[in-house]
Structure formats: C-alpha cells, structure tokens
Amino acid sequence: MAPETDDELLIRSHSGDEQAFVSLYRRRQGGIFRFALHMSGSEAAAEDITQEVFLALLREQEGYDPRRGTVSAYLFGIARKLVLRHLDRSRLDVALEIDDENAPEAVAGMDPLIDLTRREGLEALRRAVLALPRRYREVVVLCDLEEMDYAAAAISLACPVGTVRSRLHRARALLFEKLQQDRNSRPVAAALNPARCLI
Amino acid sequence: MTCAEFWNRAPDGSDHLAECAECAIRFERQDRVSAGLRLLGAPMRGREAPARVEESLVACFRSHERRRESRRPKELWWAAWAWAAALAVTVALAVLLSQIHQPGWSERLTRQSAQVAGEPAPGFETGDMDNGGGFIPLPNAERIAPNEPMNLVRLEVPRSTMIALGFEVRADRAEEAVEADVLLGADGVARAVRFLN
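Note that this is a predicted model, so its numbers are computed, not measured. (Residues numbered from 1 in each chain as written. Chains lettered and ligands numbered in written order. Predicted model: local features only at pLDDT ≥ 70, side-chain atom pairs only at ≥ 80, totals over all residues. Heavy atoms only, no water.)

*Asks:* Explain unusual backbone geometry to me, using residue names and the numbers behind them.
*Replies:* For residues that are not glycine, phi is negative in most cases, and the peptide bond is trans in most cases. Despite not being glycine, E147 of chain A shows a phi value in the positive range, around 55 degrees. On the accessibility criterion, E147 of chain A (43% relative accessible area) is partly exposed. (Buried < 20%, exposed > 50% of the residue type's maximum accessible area, 1.4 Å probe, protein only.)

Okay, here's the thing in structure tokens:
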C-alpha cells in the first residue's frame, strides 16, 4: 500500500486525527529544523521555529491551498517567515559587505578551498554561510546543504527556478570571497597570538 | 555561447568551458565550494528537532481538539434550533396553502360569508365577513356552524403567501413578512384571512 501523501495526512489531521498529525510532523520536521538551524545558527531558535511552524498548521487550517504548492513548500514558507522574524529580532543577520548581484568576483590569489577538507576550513565555511545575505543563504541551505533540487527550492522560496540558480551562483562566489579574505587575514592574526602567557 | 548565456543556463560543463578559461576557473571554483557545502551539510542531514518538540505539539493538538469538541455541541444546538424553526414555518405555510388550493374554494366564499353568524371574535365584526371586510375566505369556511364562536388571530406571514390568494407580489419582496388577521373557527381551523399592509 502506498504511503499517504502529505495532503491526505493534512486533511485527516484537520479532522482531528492525531496519528495523521504526528505522521506529517515526523515526515517534515527534519527538513524544517535543519533549514531553521542553518539559517539562524541557533539550535534553540531552530527548535522554536519548528514548533511554531506546526502550531501554525494547527491554528490556520484554511491557510494551505494545494493549488499554490505542496504541503512541504507551505511549511518552508512559514519557516522562512519565522526565521526572518527571528533574524530581525536578534540582529544576528550580519551580511557580507558585498550585496550586489552584479559585483565582479574576486580573483583568487591563494586557493582557500584547499582548507575545505579540514575541520577549520569547514568551520570557516559555516561562518561564511551564516554571514551571507538572507536571500543567498536560503538557496545555499536548500540546494547545497540540504541537497534539494532547484525546482523544489524554487517552490519553497516562491520564486522562479532561474532566480534560484542565479542566486546560488552568486552565493557561491560570495562564499569564495569570504573564505579568501579569512585565509589572507589568518597569518596576521596568528602572529598576534602570544606563544605563552607571561602574566 | 557567451559567458552570460552559459551562466544563465544550468552550467553543467558544456563546450563553453573548453573555450573560456575564465569561466572554467569560475565554474571549477563554484563546484568546489558546492562540494564543501555538501560536506558541511552531511553530518547535519540526519539532525532532527528534539523529541520534546513533538511532545509539546501533540499536547497542543489534543488541547486544540478538546476546544473544538467543546464548541461542537453549541454549534449543533444552534443548527438544530435553526432547522426546527425553518421546519415549523414551512409546515405552517404548507397547511395554509393546501387549504387555499382545495378545489371549489372560490365558489364557497359567498356561502361561507352567510354562515359566519356566530359570536364575533374580539375586535371582529361579523359584518367584516359579510361585506368582505377585507377578509378572503379560505376553502374550509363551509364547515363553520351557524352559531360557532370564532377567533381572530393576528400573525406575520411571508408576503409570498399572498401569491396563492391572487395578489401580485414582486419577487424581490417575496421574503418580507406581512401582517395578517386569520379568522379561526371553533375547531381551530383557519376560515379566512385579511392582509393588513
């Protein structure tokens, strides 16, 4: 027997079937939680946002329209709004200076991507993702971190596939620049570190 | 293919990369950033919200359902009352109209007028019936006994009722209520009706 679709589970859930609600939650909560976590960088915020998304599903029973997209896209849409509200409140959303889609890419001097095989390199990349402007961060989280295809990401973000693609290229270019800046500043920072504390 | 055209489409290693060194470098760089991102996302892929979120949501679901259940009986009562009222009105109208539509009712009007000679109802003059008085006899008026006491009841009926008695009623006003005096015999059956406005 084929598993129930999200739409079927949602209808049953709205008619008071707790098991259907739990099934839908278990099926979709992981993606929502990780999206919120990657976007906010905070586990507590991701937890709150995940809970709020499904509470909204309970409260606003008329909110979902199957003609406008899938249940998953609807949930991501709610999550996105909540993440943006969280970022506005917490002011953690410090974007990169370069926010112009048409700005030229930096020319690589030393290759910062070699570091990506190491733990520090990945940590730098994680910081760089968190520092991306929101619209770029969203596509990176969905398409690269979550490996969602462009079409599904476009539905989730309510924008055309072409926009997802162009933002993704720009986001990756910005990440490269950020990693390069980090790498270039690292020797200076290392030189300032005392080898031993004398006090 | 120009560089712009290449980047506006899905850049998946087409011939343009062989022709344009700059795009080839840029593409290779993006590919490696993407690989790094996938590497970064891999350990997170199994991450889920803590179990307490589900527990809390299930509690909210139950509370939400309880509230909905508690609202239901009230809603049902309202619906039951509305249906009962609608049914009562429909039955009353059906009775009234069925009496009007009995065959030969119009030729009995004059006979009925003569028979109405009992005690008049308060506020009702027997003459009202004899000389018309605005009353329109209903088909069962022939059953009035010579000295039968009669009652006059004033009530509101839908204006559409007047159509069956030969009045012209505009469709947009058919739902309006109109006051009427109904003449009841001792058996409680309506004998005649008079519309007041």
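*Asks:* Describe helix α7 (residues 150–157) of chain A, naming the residues involved and giving the relevant values.
*Replies:* Residue and element names in this part refer to chain A. Listed as buried for α7 are A153, A154, S156 and L157. All buried residues of α7 project into a common sector of 165 degrees when viewed along the axis, lining one side. Looking at where α7 begins, the residue whose side-chain oxygen comes 3.2 Å from the main-chain nitrogen of A151 is D149. Where α7 ends, the next residue or the one after it, A158, has phi of about 55 degrees, a positive value. (Helix = DSSP H or I, 4+ residues; strand = E, 2+ residues; numbered from the N terminus. Arc of directions from axis to C-beta. Polar contact = N/O pair within 3.5 Å; in protein donor to acceptor, adjacent residues only side chain to side chain.)

*Asks:* Outline the sheet that holds strand β4 (residues 190–195) of chain B, listing residues and values.
*Replies:* Residue and element names in this part refer to chain B. The sheet built from four strands is open, its strands ordered β1-β4-β3-β2 with antiparallel pairing. For this open sheet the edge positions go to β1 (136–137) and β2 (151–158), each flanked by a neighbour on one side alone. In this structure, β1 lies alongside β4, joined through two bridges in antiparallel fashion. Counterpart to I136 in the pairing with β4 is V193. (Pairing = 2+ DSSP bridges.)

*Asks:* Explain the side chain of R172 of chain A residue by residue, including any values.
*Replies:* Counting through the fold element by element, R172 of chain A comes out in helix α8 (residues 161–192). Of the polar contacts made by the side chain of R172 of chain A, one reaches the side chain of D144 of chain A; its length is 2.9 Å. At 3.4 Å, the side chain of R172 of chain A and the side chain of S34 of chain B are in polar contact. Excluding residues that lie within four positions of it along the chain, R172 of chain A makes contacts with D144 and Y150 of chain A together with Q30, V33 and S34 of chain B. (Contact = heavy atoms within 4.5 Å.)

*Asks:* Break down the nonpolar core for me, with residues and values.
*Replies:* Counting 63 residues, the largest nonpolar core has F35, V53, F54, V140 and L175 of chain A together with L37 of chain B as the members making the most contacts within it. No other element matches helix α2 (residues 18–40) of chain A, which puts 10 residues into this core. Those residues in contact with F35 of chain A, other than ones at most four positions away along the chain, are F76, A79, R80, V83, E138, V141 and L142 of chain A. The next biggest cluster of nonpolar side chains, apart from the first, holds 13 residues, and it includes V178, A180, A190 and F195 of chain B. (Core = buried A, V, L, I, M, F, W, Y, C linked by side-chain atoms within 4.5 Å.)

*Asks:* Hey, could you go over the pattern of salt bridges for me, with residue numbers and the actual values?
*Replies:* Here the structure, examined in full by the defined rule, presents 21 salt bridges over all chains. E54 of chain B is the salt-bridge partner of R26 of chain A, the closest N and O atoms lying 2.6 Å from each other. Separated into two different chains, R26 of chain A in helix α2 and E54 of chain B in helix α4 (residues 51–100) make up a pair that spans both. Ionic pairing is found between R80 of chain A and E138 of chain A, a salt bridge with its closest N-O pair at 2.6 Å. With R80 of chain A in helix α4 (residues 71–90) and E138 of chain A in helix α6 (residues 134–145), the pair connects residues that are 58 residues apart, well separated along the chain. (Salt bridge = Lys/Arg side-chain N within 4 Å of Asp/Glu carboxyl O.)

*Asks:* Pulling in residues and values, what's your account of the pairing of β4 of chain B?
*Replies:* Residue and element names in this part refer to chain B. When you tally the buried positions in β4, you get six out of six residues, the bulk of the element. Taken together, the five bridges between strand β3 (residues 177–184) and β4 define a ladder with antiparallel strand orientation. Each residue of the ladder has a partner; that of L183, found in β4, is A192. Counted along the chain from β3 to the antiparallel partner β4, the turn is five residues long, and its residue G188 has a positive phi close to 85 degrees.

Honestly, that's just the spatial picture; any functional story needs more than this.
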